[in-house]
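Spelled out, the chains give:
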Amino acid sequence: MNTIARTGFALDPVTFEVLKNSYITAVDQMAEQILRTCYSFVIYNRDFSNALNDVNGDSIAQGNADIAVHVGTLHYTCKDVIRAFKDDMRPGDVFAINDPYAGGTHFPDVRLVRPIFVDGAPIAYTQSNGHWSDVGGSVPGSFDVMAREMFREGIRITPVRLWDGGRFCKDVAGLIAANTRDPASIIGDMQAQAEATRVAEREILRLVGKYGKDTVVAGFADVQDYVERAMRQRIAALPDGSWETQDFIDRDPAGGEGMIPIKVRMTIAGDRVIYDFTGSHACIGSLYNSAFGATFSAVVAGMKTFFPDLPLNSGFYRPIEVIAPEDSIVNARWPVAVTGFLMPYEKIMNSIYEIWSKILPQRAIACAFNLEYLLTGGRDLRTPEKKIFMFYDWLPGGWGGRNGRDGANATTACFGTGLQSQPVEGQERVSPILTNEYQILTDSAGPGKWRGGAGVRKTSTLREADRTVISYICDRERAIVWGIEGGLPSMPHGLTLTRAEDGKADWLGSVFSDEALRSGDVFSRPTAGGGGYGDPLERDPALVCEDVADEYVSIARAQKDYGVIIRVVDADLAAYAVDAEATAAERARLRGLRRGRLREAPEAVAARFRAGEIDALDAVRHYAVVLDWNSGEVLPISTAQFREMFLKRSAAHWVD
């Protein structure tokens with residue numbers, strides 16, 4: 001029996017490898033095209049992805065630098081375009097869609113789809129997805145926290161033709177752009193994305209000219225079958241069983257106090273994996289809901305983290321089944337608001353990290369920080385035209401500690417690992433906002449035998465502007481980034497606003513929209529570090545001393561969180577030493593105290609916080625108490641939920 005028959009592939013191994021990598025390269029070339037021609041500063045900083053889809057709409061390849069959040073969604077939107085226009089396509093057509101209820105993510109993620117014709121019929125589709133900086137709606141940036149339905153979130157684009165046989169449909173494009181705050185940039189991004197799809201079309205046609213249509217089309221099927229087979233073999237080699245966990249959204253802004261649970265039960269059955277979200281909370285009264293396509297994407301992205309060597313296409317998806325009850329926070333249907341889907345998205349990803357960390361402990365990783373979006377918009381008074389500006393910013397943060405390694409510092413979120421940290425020089429050029437501070441934040445990393453990565457803090461000042469508002473889309477103010485296997489949490493997320501008129505600093509928290517800003521106002525926000533892995537009292541004191549020298553950990557928290565007593569030798573030279581005898585005594589003392597602290601009455605802890613005897617890090621890391629970080633009042637339901645998970649993830653793994 002020859003090799004081809006034995007493997008079941010249509011192509012010989014050499015041709016297969018050449019085409020497999022050629023498909024990925026074609027998609028990567030799309031990315032290079034977008035980076036050089038896009039108008040939006042958001043897309044320029046890599047909030048985009050691309051794909052090659054087969055004649056059925058299934059994914060053949062995605063790019064090496066595509067952001068995680070679009071993984072597992074691009075085949076859905078391609079299929080929706082095919083359903084709408086299958087019998088009405090011609091060479092040169094390009095279609096647009098951003099519909100999250102048709103398998104997309106949220107309205108700012110606009111996909112352009114181009115059919116690739118050979119011999120008068122499509123053989124594949126090339127797709128470019130970019131996050132437009134504004135798609136209309138009630139607030140600049142199109143993230144309205146209080147939106148309960150999509151009508152406040154921006155324009156919904158069901159499949160529509162933007163290029164008709166190569167002719168640009170200016171009327172359709174103009175209609176879409178006119179519903180945004182920056183129509184000129186939107187038209188420019190349309191052109192950039194359309195040209196990117198042309199790049200992939202050119203490459204596929206080149207391959208057809210070299211290898212023939214039948215060989216290229218056979219390659220489309222073979223690369224998917226290859227990944228499916230490899231994925232099933234990996235799964236089948238693991239023990240059957242079920243594992244479950246849960247994570248939380250901070251709150252329902254339209255409801256009462258208490259965190260919003262997302263429950264995940266994962267089952268391995270032979271060569272299949274089933275993810276069951278039964279028991280997750282119903283849709284909530286804000287934009288923090290996920291439609292099914294985004295939930296499926298979170299599952300795929302979370303699982304792919306543990307199988308990094310496999311190419312990504314629809315073959316990866318075939319062994320996966322997702323059960324997501326309709327009208328739940330993980331399967332919202334029209335017209336429920338879903339633009340903030342990234343909040344449940346990252347909770348799903350981190351829950352999957354936790355489950356797979358038990359199955360593949362050599363790759364174990366604790367919770368990563370939560371992506372946050374800061375959106376500021378108004379009139380730029382630096383120009384005579386006083387044009388509308390959009391400051392759309394995100395920050396890096398810390399990833400969780402790993403089995404045998406510390407977490408990554410100041411890294412883009414698991415939601416979008418392809419994102420780049422936006423250069424402040426570019427931001428200051430296009431927006432009247434000055435960056436005063438941008439640095440790694442000491443003590444932000446979750447303590448552990450292997451600590452989480454450190455987060456950052458960024459502080460900015462609004463300059464010459466008028467009619468300006470600010471919105472902040474984040475989470476983990478209450479469902480604080482957690483550790484595993486005995487590791488400790490990170491810190492609460494939230495934004496502080498200092499008014500120029502009185503110099504008063506107000507904690508606005510992690511979620512608000514449409515807050516008025518005036519010139520001279522200063523806003524500052526941290527990103528959390530990652531959660532710790534393993535008991536922090538087992539961390540090598542020399543590593544803690546090194547963290548102090550690097551300013552990842554303060555001397556005070558080295559003692560509080562790690563039980564390590566650090567002596568200053570020469571602060572100017574960053575020279576420190578461990579007091580070994582005092583450290584041994586301190587660690588013994590903390591082992592005797594820490595379980596009792598978790599039984600302390602939350603009201604008593606809150607009183608000590610308000611009196612200044614303890615700080616927020618003490619409250620969450622040592623007492624597992626969640627407070628209103630502005631007033632210092634205890635949040636009883638959130639605290640009960642947080643403590644329950646803390647006991648399972650952290651305290652249950654301590655050795656006294």
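Residues numbered from 1 in each chain as written. Predicted model: local features only at pLDDT ≥ 70, side-chain atom pairs only at ≥ 80, totals over all residues. Heavy atoms only, no water.

On to the overall build of the protein chain, then. A count of helical and extended segments in the protein chain gives 17 helices and 22 strands. Taken against the 2.2 N^0.38 rule, which gives 26 Å for 656 residues, the C-alpha radius of gyration of the protein chain at 25 Å falls within 12% of a compact globule. The dimensions of the protein chain, computed from C-alpha atoms along their principal axes, are 80 × 75 × 50 Å. Pairs at least 24 apart in sequence give 71% of the contacts found in the protein chain among residues at least 6 apart. Charged side chains in the protein chain number 71 positive and 86 negative. The centres of these two groups are separated by 2 Å. (Helix = DSSP H or I, 4+ residues; strand = E, 2+ residues; numbered from the N terminus. Rg over C-alpha atoms; globule rule 2.2 N^0.38 Å. Contact = heavy atoms within 4.5 Å. Lys, Arg positive; Asp, Glu negative; His and termini not counted. Charge placed at Lys NZ, Arg CZ, Asp CG, Glu CD.)

Take unusual backbone geometry next. Omega for the peptide link from Trp 334 to Pro 335 comes to 5°, which places this bond in the cis form. The topology assignment puts Pro 335 in the loop between β11 (320-323) and α10 (342-359). At Ala 624, a position not held by glycine, the phi torsion is positive, near 50°. Here Ala 624 shows up in the loop between α16 (616-622) and α17 (636-649). Looking at Ala 624, the relative accessible area reads 0%, which means it is buried. (Buried < 20%, exposed > 50% of the residue type's maximum accessible area, 1.4 Å probe, protein only.)

We now examine the environment of Thr 295. Mapped onto the secondary structure, Thr 295 falls in helix α8 (residues 292-304). Relative accessible area serves as the criterion here: at 0%, Thr 295 is assigned to the buried category. Beyond its immediate stretch of four places on either side in the chain, Thr 295 contacts Phe 277, Ser 290, Val 322, Val 330 and Ile 348. A distance of 3.0 Å separates polar atoms of two side chains, one belonging to Thr 295 and the other to Ser 290. (Polar contact = N/O pair within 3.5 Å; in protein donor to acceptor, adjacent residues only side chain to side chain.)

One finds Tyr 275, Phe 316, Trp 356 and Tyr 373 to be the most contacted residues of the largest nonpolar core, which totals 83 residues. The greatest single-element share of this core, amounting to 10 residues, is contributed by α10. Ignoring any residue separated from it by four or fewer positions in sequence, one finds Tyr 275 in contact with Val 264, Arg 265, Met 266, Val 299, Met 303, Ile 320, Glu 321, Val 322, Ile 323, Ile 352 and Trp 356. Among the nonpolar cores identified, the runner-up in size contains 53 residues, and Val 27, Phe 107, Ile 116 and Ala 332 belong to it. (Core = buried A, V, L, I, M, F, W, Y, C linked by side-chain atoms within 4.5 Å.)

For an α-helix, 3.6 residues make a turn, and residues three or four places apart therefore share a direction. Residues of helix α15 (residues 602-610) that are buried: Val 605, Ala 606 and Phe 609. Buried residues of α15, seen end-on, are gathered within an arc of 100° and therefore sit on one face of the element. Taken together, the buried residues of α15 touch α16. Trailing α15 by a residue or two, Gly 612 shows a phi angle of about 80°, which is positive. (Arc of directions from axis to C-beta.)

Everything listed is a geometric property; what it means functionally is a separate question.
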